Amino acid sequence: MRNYDFRQLTRDDLPLLRRWFTVAHVKAWWPDAERQIAQIIQDLDDPNVDMRIVGVARIPFAFIRDFDTQVSKKSEYADLPKGSRGMSTFVGNPDFLGPGHSTGYIEARVRDMRRNNALVAVGPNSTDTRTISIYKQAGFQPRRLASTNDGKLVQVMTHL
């Protein structure tokens, strides 16, 4: 098991995130970089959102965010119990794709989150079979297909 670190995201990380949003494998699922950055800036001051840069051996390689599902008002999480956390993440550094890092850091973060939260949920795009597979490897189970507030179809998955 690798030792991943999860340091709190700061405004100093915005240039790094901007670069990551331009990488092809990130852009495929997060196409509007400036919209994403604007949302991240807004979320920096939101006490219901926790955003972190994931690293290993002091090398940052991924972004992970979790949030209170009820406060977020995301329709795909409307049926989840009070106190549930939603999560979204991506590997930004392409050098870290493939060797099991995604599953490893997701498992580590969820293990930490489960100390204070009964349920953690994710909602990958229903056609993103690679990400769905990674979440399954990390212990998430499919719950249902759901539409997001903007009409996208996602596979809601929960880690109980």
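For the structure, check the block above.
1. A word on helix α5 (residues 101–113)
At step 1: Here α5 spans 18 Å end to end across 13 residues, near enough to the 18 Å set by a 1.5 Å rise per residue.
At step 2: Counting buried residues along α5, 10 of its 13 residues qualify, which places the element largely inside the surrounding structure.
At step 3: Taken together, the buried positions of α5 are occupied by His-101, Ser-102, Thr-103, Gly-104, Tyr-105, Ile-106, Ala-108, Arg-109, Val-110 and Met-113.

2. Remarks on the environment of Val-154
At step 1: Considering the arrangement of structural elements, one finds Val-154 in strand β7 (residues 153–159).
At step 2: Classification of Val-154 by relative accessible area gives buried; the value is 6%.
At step 3: A C-alpha to C-alpha distance of 8.4 Å links Val-154 and Arg-144, two positions 10 residues apart in sequence.
At step 4: If sequence neighbours within four positions are ignored, Val-154 has contacts with Glu-76, Gly-123, Pro-124, Asn-125, Ser-126, Arg-144, Leu-145, Ala-146 and Thr-148.

3. Observations regarding the packing of helix α1 (residues 14–21) against helix α3 (residues 33–44)
At step 1: Taken N-terminus to C-terminus, the directions of α1 and α3 make an angle of 150°; their axes are 10 Å apart at the nearest point. As judged from the angle between their axes, α1 and α3 are roughly antiparallel. The two elements α1 and α3 cross, and the hand of that crossing is right-handed. In this structure, α1 contributes Leu-14, Leu-17, Arg-18 and Phe-21 to the contact, and α3 contributes Ala-33, Glu-34, Gln-36, Ile-37, Ile-40 and Ile-41.
At step 2: Looking at the contact of α1 with α3 residue by residue, the class counts come to 7 nonpolar, 1 polar and 2 charged.

4. Concerning the nonpolar core
At step 1: With 24 residues, the main nonpolar core has Leu-17, Phe-21, Ile-40, Phe-63 and Phe-90 as its most contacted residues.
At step 2: For this core, the elements supplying multiple residues, two or more each, are α1, α3, β2 (49–56), β3 (59–68) and β7.
At step 3: Per-element tally for this core: the top contributor is α1, with 5 residues.
At step 4: Apart from the residues lying within four places of it in its own chain, the contact partners of Ile-40 are Leu-9, Leu-14, Leu-17, Phe-21, Met-51, Phe-63 and Arg-65.

5. Describing the sheet that holds strand β6 (residues 141–147)
At step 1: Taken together, the 7 strands give an open sheet; going across it, the order is β1-β2-β3-β4-β5-β7-β6, and neighbouring strands pair in mixed fashion. Where the open sheet ends on each side, the last strands, each with one partner, are β1 (4–8) and β6. Within the sheet, the average angular offset between the axes of one strand and its neighbour, ignoring direction, is 30°.
At step 2: One ladder, built from 5 bridges, connects β1 with β2; its direction is antiparallel. Note on β2: the bridge partner recorded for Gln-8 is Arg-52.
At step 3: Across the face of the sheet, α1 comes into contact with β2, β3 and β4 (85–91) while running at roughly 95° to β3.
At step 4: Together, β2 and β3 form the strand contacts of α3, whose direction differs from that of β3 by roughly 65°.

6. Concerning the pairing of β2
At step 1: For β2, the tally of buried residues reaches 8 of 8 residues, placing the bulk of the element in the interior.
At step 2: Burial along β2 is two-sided: Val-49, Met-51, Ile-53 and Gly-55 facing one way and Asp-50, Arg-52, Val-54 and Val-56 facing the other are all buried.
At step 3: When β2 meets β3, the two strands line up antiparallel, connected through 8 bridges. Within β3, the position partnered with Gly-55 by the bridge is Pro-60.
At step 4: Taking the residues between adjacent antiparallel strands as the criterion, β2 and β3 are bridged by 2 residues, where Ala-57 takes a positive phi near 50°.

How each quantity is defined
- Residues numbered from 1 in each chain as written.
- Predicted model: local features only at pLDDT ≥ 70, side-chain atom pairs only at ≥ 80, totals over all residues.
- Heavy atoms only, no water.
- Helix = DSSP H or I, 4+ residues; strand = E, 2+ residues; numbered from the N terminus.
- Expected span 1.5 Å × (residues − 1).
- Buried < 20%, exposed > 50% of the residue type's maximum accessible area, 1.4 Å probe, protein only.
- Contact = heavy atoms within 4.5 Å.
- Axes fitted to C-alpha atoms, helices over the stretch in contact; angles between N-to-C directions.
- Parallel < 35°, antiparallel > 145°, perpendicular 65-115°, else oblique.
- Left-handed = near helix turned anticlockwise from the far one by under 90°.
- Nonpolar A, V, L, I, M, F, W, Y, C, P; charged D, E, K, R; others polar.
- Core = buried A, V, L, I, M, F, W, Y, C linked by side-chain atoms within 4.5 Å.
- Pairing = 2+ DSSP bridges.

Just geometry here; none of it tells us what the structure is for.
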